Amino acid sequence: MDPLGIKGTYSFTPRVHGDQRGSFHEWFRDDALRTVTGHGLNLAQANCSVSSKGALRGVHFADVPPGQAKYVTCLRGAILDVVVDLRVGSPTFGQWESVRLDDESRRCLYVAEGVGHAFMALTDDATVIYLCSEPYAPGREHGVHPLDPEIGIEWPAGIEPVLSGKDAEAPTLQEALDAGLLPSYQDCLDHYAKLGLPV
């Protein structure tokens, strides 16, 4: 697993074994995650989304604690997966980083609690699955507008973004900050320490 520039996010490109029958790969290994992060993923929920080209989901995050860590991969097609540091007080607060996930590289992405997550489908029928450390709880789930110019995510040119009504009405980063919706970096560090994550 390779760390990204935002603390608590990692990418992983598995070794794909292929022959005349097709291919096989291990897309998640708890021991590998433990080696890098210091803790495993408390698997509480597994999600699957199928998106048409241009579908833009996120930027989503949950209250910390407990937050919701995610381990994401794209089974079919391709997406641009984006992480945004929403942890108030973090050295990289407001910064974002993107990783292409697709059905060729089989690359995966780990997103720690408190980090915002979004993706745009680059193909039709982009099929994304993600493992979550906590179940969905509407009362602690939030979003920040994925097209907020203050964040400035560089979504692919030439693809018209299609947002859900909820994501289209999400606050900007500044509005979420002013409303006290964003997690504090210290709360996240305290939570990571309880999980055994190096802080």
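Residues numbered from 1 in each chain as written. Predicted model: local features only at pLDDT ≥ 70, side-chain atom pairs only at ≥ 80, totals over all residues. Heavy atoms only, no water.

Description of the pattern of salt bridges
A side chain with one charge may pair with a side chain of the opposite charge, provided their charged atoms come close. Taken as a whole, this structure holds 7 salt bridges when the rule is applied. The partner of Asp 125 in a salt bridge is Arg 76, with the nearest N and O atoms 3.9 Å apart. Of this pair, Asp 125 sits in the loop between strand 11 (115-121) and strand 12 (126-132) while Arg 76 is found in strand 7 (residues 70-76), placing the two residues 49 residues apart along the sequence. The class of Arg 76 is partly exposed, set by a relative accessible area of 48%. Linking Asp 85 and Arg 87 is a salt bridge whose minimum nitrogen-to-oxygen distance equals 2.8 Å. Taking relative accessible area as the criterion, Asp 85 reaches 0% and is therefore assigned buried. Using a relative accessible area of 0% as the deciding quantity, one classes Arg 87 as buried. Among the charged side chains, a network of salt bridges with common partners joins Glu 26, Arg 29 and Asp 31. (Salt bridge = Lys/Arg side-chain N within 4 Å of Asp/Glu carboxyl O. Helix = DSSP H or I, 4+ residues; strand = E, 2+ residues; numbered from the N terminus. Buried < 20%, exposed > 50% of the residue type's maximum accessible area, 1.4 Å probe, protein only.)

A closer look at the state of the cysteines
If you walk through the whole model with that rule in mind, you get 0 disulfides. Considering cysteine sulfurs only, Cys 48 is the nearest to Cys 74, which forms no disulfide, with 9.8 Å between them. Distance from the sulfur of Cys 132, which forms no disulfide, to the nearest cysteine sulfur (Cys 48) is 12 Å. (Disulfide = S-S within 2.5 Å.)

Re the sheet that holds strand 11
The strand order across the open sheet built from 5 strands is 9-8-11-6-13, with neighbouring strands paired in antiparallel fashion. Here the strands that pair on one side only, and so sit at the sheet edges, are strand 9 (96-102) and strand 13 (141-143). Across this sheet, the average inter-strand angle for adjacent strands is 25°, counted without regard to direction. Of the pairings in the sheet, the one linking strand 8 (residues 78-85) to strand 11 comprises 7 bridges and is antiparallel in character. The partner of Leu 80 across the bridge, within strand 11, is Met 120. (Pairing = 2+ DSSP bridges. Axes fitted to C-alpha atoms, helices over the stretch in contact; angles between N-to-C directions.)

Here we look at the UniProt feature "active site" (unreviewed entry) in the protein chain
Sites flagged by UniProt as "active site" (unreviewed entry) map to His 60 and Tyr 130. Across 71 residues of sequence, these annotated residues stay compact in space, with a maximum C-alpha separation of 13.4 Å. Mapped onto the elements, His 60 comes out in strand 6 (residues 56-62). Residues contacting His 60, with those up to four places away along its chain left out, are Lys 70, Val 115, Gly 116, His 117, His 142, Gly 143 and Asp 167. Side-chain polar atoms of His 60 contact the backbone nitrogen of Gly 58, separated by 3.4 Å. The exposure class assigned to Tyr 130 is buried, which follows from its relative accessible area of 15%. Not counting chain neighbours up to four residues away, the residues in contact with Tyr 130 comprise Gln 45, Ala 46, Asn 47, Ser 49, Lys 70, Tyr 71 and Val 72. (UniProt positions renumbered as here; feature names shortened; annotations may be inferred. Contact = heavy atoms within 4.5 Å. Polar contact = N/O pair within 3.5 Å; in protein donor to acceptor, adjacent residues only side chain to side chain.)

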